[in-house]
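Here's the letter readout for the chains.
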Amino acid sequence: MYKQRTGIENPSYVSSNDDPVEDGDQNGSCEVQTEAEEPSAPKRDNWGNDIEFLMSCIALSVGLGNVWRFPFIALENGGGAFLIPYLITLFLVGKPIYYLEMILGQFSSRANVKMYNYAPIMRGIAYGQTMAIFFVTTYYSSLMALTLHYFIDSFYPTLPWSYCRKEWGDLCIDSKLDSDESLKRAQQNSTAVKKSSAEFYFINIVLQEKSNIDDGLGVPNWKLVLTLAFAWLVITVVIFKGIKSSGKVAYFLAIFPYVILLVLLIRALTLPGAFDGVLFFLTPQWDKLLDAKVWYAAVTQVFFSLTVCYGVVVMYASFNRFRHNIRRDCNIVTSLDTLTSLLSGIVIFGILGNLAYESNNPNIKSVVKSGPALAFISYPDAIAKFQTMPQIFSAFFFLMLFILGIGSNVGIISTVITVISDQFPNIKRWIVVFASVLICYGLALLYVTPGGQFVLNYIDFYAVTLVVTVLGVFELLSASWIYGVKNICRDIKFMLGVETSIYYRICWAIITPIFMTAVYIYMLVDYKPLTYNDVRYPESLYALGWCITAIGVGQLLIWGSYAIWSGPELSFDERFRGAFKPASDWGPLDPTALKEYQDFVRETTSIKKTGIWSKILDNIFG
């Protein structure tokens, strides 16, 4: 009997001679040690109650992506027709992955790294995802700094982006002007491209943006340095005591944005031209359904919105009580996330419809800016045209964005902190929190420099999108085919006492991995050198970007090799096969529940099928 080694868990179940491990078990059926001593239960926090977990998941998933990313992605990819591929991908990709990550986190009571005790050779997936989520938390905080900057600006007697400065010249149009004045001003020089004062303000005052970064990024904007510091201060206060503090704040972070969103909905729908904007948003462009780019956009939006394949959902679920009804929460969160995206789209396009009406511009699409510009140019431009107290509407809008950002970033940075704390339990948590916050704040300063948006766009693509997409495919394959759908369903039966539907079985085993693989292939085929505002990066940065991607994805190879070579003194073949099987402590963290689970596994273990198709069908249908 080989004992579990320190540092990394035994990559295989090694049993006594009376209970041999059968070779070639790709589904990882859990043979267990029969002579192992009963382990002591590690101390781990739990949510104060089940509602705290639900509210935290809502605050995490319902974020900035619902408000500015979804409306623009929908507009660019078929309007109302985009809802069809979006709902299909949500049903076939988003919801199955969300439920799977919830299940694995709650069942093991471990964050994403130690969750891979079910297949130690795949542990590099978690390290790569943690690296990606670390970059996300740095640039996400810079967006929060921008929203806070605009929130403070909302209290000026005259909104500072509503009028043109002299230095901006004749190419600037006051955002606050009515339609006749705007049209007259625009006709003065019909050959020149006119820009609103809101756009000039965002580019020249807030970002102080450079046309390129060939000569460096520049010095951070001191105002954004301060708002960024305040954003991290708020995050630190929320996460300081872990889920004991963040769980309590989650009620506010999850509910209050909806209060503001409903206020904005009522106001938006009462604006002239609002219904034209909503109709434009919902009108289908059916020809888009045959475009592969639309389906790619739908999958990436589901990923971005639900925050799946980042390790955050696993981390939150790991703090649940073992028998918590997680299937109900999955249905609530995924449904609410979709409804919030639709509601946000109606609000946003109601505002943009009013903007087009006020500008005498029948083409609503022409007034829409993508990404951060949608939140910090199009919306402020529309708000500046309000005749009655635009400051109140502006303050509510940017306060909502800031709270949404806090709710999402709390979960994101908590994942990084939990991984570090789990790996180094002897380091006090407050030290990990302060060290992580200071490092993230320091890196986030890069995004508030004049070249900061170039950096954000670059990091989001090479360090996050490419890495998470690849590792997401391997996450699904490792759970569904290395550990096995059959074993996942068995674990759900033990934990929740319910049978897993054929919908989840087929999605986990076949449909979702195929969708994910197709998205990755499309990304590679459609790849073009990254640009920002049609400006190319220095050539050396493209090579560096692929190196960053390789480091993230390469964690899979690094930790896979470690799982093989750090095993007991067995042959290479035994170590290799063992690295694909669950560790000896895989199962519930509580010792009593673990023993019950091991007994349950023995009782439910069936005779293994022979033949490849028999094994495949047995894995899916049990």
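Residues numbered from 1 in each chain as written. Predicted model: local features only at pLDDT ≥ 70, side-chain atom pairs only at ≥ 80, totals over all residues. Heavy atoms only, no water.

- The name given to the protein chain in an unreviewed UniProt entry is Transporter, with Stomoxys calcitrans as the source organism.
- Here is the UniProt Subcellular location (unreviewed entry) comment for the protein chain, exactly as written: "Membrane".
- Taken directly from UniProt, the Function (unreviewed entry) text for the protein chain runs: "Unusual broad substrate spectrum amino acid:sodium cotransporter that promotes absorption of the D isomers of essential amino acids. Neutral amino acids are the preferred substrates, especially methionine and phenylalanine." (UniProt positions renumbered as here; feature names shortened; annotations may be inferred.)

## Details of unusual backbone geometry
(1) Moving on: Of note, T307 is a non-glycine position whose phi angle comes to about 60°, a positive value.
(2) Moving on: Summarising the element assignment, T307 is placed in the loop between α11 (292–306) and α12 (312–317).
(3) Moving on: Using a relative accessible area of 9% as the deciding quantity, one classes T307 as buried.
(4) Moving on: Even without a glycine there, the phi angle at D534 is positive, about 65°.
(5) Moving on: By the element assignment, D534 lies in the loop between β3 (531–532) and β4 (535–536). (Helix = DSSP H or I, 4+ residues; strand = E, 2+ residues; numbered from the N terminus. Buried < 20%, exposed > 50% of the residue type's maximum accessible area, 1.4 Å probe, protein only.)

## A short note on the pattern of salt bridges
(1) Moving on: Scanning the model with the defined rule gives 12 salt bridges in all.
(2) Moving on: The partner of D215 in a salt bridge is K210, and the shortest N-O contact between them spans 2.6 Å.
(3) Moving on: D526 serves as the salt-bridge partner of K528, at 3.5 Å between the closest nitrogen and oxygen.
(4) Moving on: One network of salt bridges, in which partners are shared, links K595, D599 and R602. (Salt bridge = Lys/Arg side-chain N within 4 Å of Asp/Glu carboxyl O.)

## Observations regarding helix α8 (residues 222–239)
Owing to its 3.6 residues per turn, the α-helix aligns residues three or four sequence positions apart on the same side.
(1) Moving on: The terminal C-alpha atoms of α8, which comprises 18 residues, lie 26 Å apart, in line with the 26 Å expected from a rise of 1.5 Å per residue.
(2) Moving on: Among the residues of α8, L224, T227, L228, A231, W232, I235, T236, V238 and I239 are the ones counted as buried.
(3) Moving on: In the core, the buried residues of α8 are packed alongside α5 (124–153), α7 (197–206), α9 (243–269), α15 (390–423) and α16 (429–444).
(4) Moving on: For α8, the N-terminal cap is N221; the gap from its side-chain oxygen to the backbone nitrogen of K223 is 3.0 Å. (Expected span 1.5 Å × (residues − 1). Contact = heavy atoms within 4.5 Å. Polar contact = N/O pair within 3.5 Å; in protein donor to acceptor, adjacent residues only side chain to side chain.)

## A look at the packing of helix α3 (residues 83–108) against helix α18 (residues 502–525)
(1) Moving on: Viewed as axis vectors pointing N to C, α3 and α18 meet at an angle of 115°, and their least axial separation amounts to 9 Å. Classified by the interaxial angle, the pair formed by α3 and α18 is roughly perpendicular. Like other packed secondary-structure pairs, α3 and α18 cross with a definite hand, here left-handed. Of the residues in α18, those in contact with T89, F91, L92, V93, K95, P96, I97, Y99 and L100 of α3 are Y503, Y504, C507, W508, I511, T512, F515 and M516.
(2) Moving on: Along the lines of polarity and charge, the residues of the contact of α3 with α18 split into 14 nonpolar, two polar and one charged. (Axes fitted to C-alpha atoms, helices over the stretch in contact; angles between N-to-C directions. Parallel < 35°, antiparallel > 145°, perpendicular 65-115°, else oblique. Left-handed = near helix turned anticlockwise from the far one by under 90°. Nonpolar A, V, L, I, M, F, W, Y, C, P; charged D, E, K, R; others polar.)

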